Amino acid sequence: MDKHVYVGVDVGGTTVKLAFIQGTGEILNKWEIPTDLSNKGNNILKQIADTIAEKMNEYGVPSDSLKAVGVGAPGFIDVTNGSIIEAVNIGWRDFPLKEVLEKETNLPVFIDNDANLAAAGEMWKGAGEGAKNLLAVTLGTGVGGGILAGGEIIHGESGMAGEIGHITSVASGGAPCNCGKTGCLETVASATGIARLGIEAIKEKRYGLLQDTFEKKETLTAKDILDAAKKEDPLANQVVKQAMSYLGFALANLANALNPQTIVIGGGVSKAGIFLVDLLETEFKKYTIPKIGEDTKIRIATLGNDAGVIGAAWLAKQNTNG
Ligand code: ZN
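Residues numbered from 1 in each chain as written. Predicted model: local features only at pLDDT ≥ 70, side-chain atom pairs only at ≥ 80, totals over all residues. Heavy atoms only, no water.

Another point: the side chain of E186. With respect to the secondary-structure elements, E186 resides in helix α4 (residues 186-189). For the buried E186, no salt bridge exists, and the shortest N-O distance to an oppositely charged side chain is 10 Å, to K181. Sequence-distant contacts of E186, that is, excluding residues within four places in its chain, are made with G142, V143, G165, H166, C177, N178 and G193. (Helix = DSSP H or I, 4+ residues; strand = E, 2+ residues; numbered from the N terminus. Buried < 20%, exposed > 50% of the residue type's maximum accessible area, 1.4 Å probe, protein only. Lys, Arg positive; Asp, Glu negative; His and termini not counted. Salt bridge = Lys/Arg side-chain N within 4 Å of Asp/Glu carboxyl O. Contact = heavy atoms within 4.5 Å.)

Quick look at the structure:
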């Protein structure tokens, strides 16, 4: 029995999520604190060290059981030296996170990108449990991604691997993307992208359930469109199918290259559940090599907001041979 405890930390622009997690991956305690964005994010690590110490007392976690801290952070990260190259949301730039937090906590600290760690969390304890080759895609405001091969996070040469959202030209004549290109997957398969496709469609052909909603709200959300599609509204269905066709195309090409066991779909859009998976699977199989299409499982993420802290604990455990 593994008695070691790891601290999983998931730093976001609004909150920092934390958890004490057993070596088996079970969460013992979890909590969150508001992210202190003042002073260019320089107070956050002290904040993290203080809350860990406080909660160890409160929950009775003996200090000799704590092995290491894993941290997921947004932005570009140099995993070799544990520093943040840039995290715009937080204000960090060339920020030596590992070094500073190790001093503050007296524990070994390991860091990685938050999307990679959410993928690792799903691999360890979520929808991809047991998979060593896994692709995770988060359909939220944008499209995030993480790739694990042979049980390891793929970082690539500059730590940029997994930018699934910027697979480009999936939509011809597509919309401009935050990255400076047009027609990226993110512009059509994120919640924002699906909403945009829906609004375009309703402006062109005014009918059905979406028309009623659009008249009331003068806008549409991805949820409006997915809900209407579930009720078999033809226009909403067409929009969701179109988005899943783009996503299926991009994921199929990734799968052809990586041959994952499981593709995990997370983020707000994934709340549409099995309905979405069915549509995606049909589109996905149009573009995969047949054997890959048959073998790849597409699953909805199961860990929700806990994926990041669980993945962070996994990272800490991996690196301390726990
Ligand atoms: Zn882009």
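The calculated volume of the second largest pocket comes to roughly 250 Å³. Elements supplying a minimum of two residues to the lining of the second largest pocket: β8 (109-113), β11 (152-153) and α11 (307-319). Split into classes, the residues belonging to the lining of the second largest pocket amount to seven nonpolar, six polar and three charged. Taken domain by domain, the lining of the second largest pocket gets at least three of its residues from each of domain 1 (5-121 + 305-320) and domain 2 (129-302). (1 Å grid on protein atoms, 1.4 Å probe; cavity = no way out; pocket = protein on both sides within 12 Å on 5 of 7 lines; lining within 4 Å. Points joined across faces, edges and corners; volume = space filled by probe spheres on them. Nonpolar A, V, L, I, M, F, W, Y, C, P; charged D, E, K, R; others polar. Domains from an automatic or database assignment.)

Right, let's talk about the nonpolar core for a bit. Ranked by internal contacts, the top residues of the largest apolar core, which has 48 residues, are L185 and L251. Considering every element that reaches this core, the biggest residue donor is helix α8 (residues 234-258), with 13 residues. Filtering out sequence-adjacent residues up to four positions away, L251 remains in contact with L135, V137, I263, I265, L280 and F284. By size, the runner-up hydrophobic cluster in this structure holds 30 residues, among which are L45, I52, M56 and A73. (Core = buried A, V, L, I, M, F, W, Y, C linked by side-chain atoms within 4.5 Å.)

The next point concerns the pairing of strand β6 (residues 83-87). As paired elements, strand β5 (residues 76-78) and β6 share three bridges and run antiparallel to each other. Bridge pairing in β6 links F76 to E86. Counted between consecutive antiparallel strands, the loop separating β5 from β6 contains four residues, among which G82 sits at a positive phi close to 70°. The pairing of β6 with strand β7 (residues 92-95) spans three bridges and is classified as antiparallel. Bridge pairing links A87 to W92 in β7. The hairpin formed by β6 and β7 contains four residues between the paired strands, and G91 there has a positive phi angle of roughly 105°. (Pairing = 2+ DSSP bridges.)

Of the positions making up helix α7 (residues 222-230), those classed as buried are A222, D224, I225, L226, A228 and A229. Elements that come into contact with the buried residues of α7 comprise α5 (191-204), α6 (208-217), α8 and α9 (274-287). Within two residues after α7, E232 carries a phi angle of roughly 65°, on the positive side.

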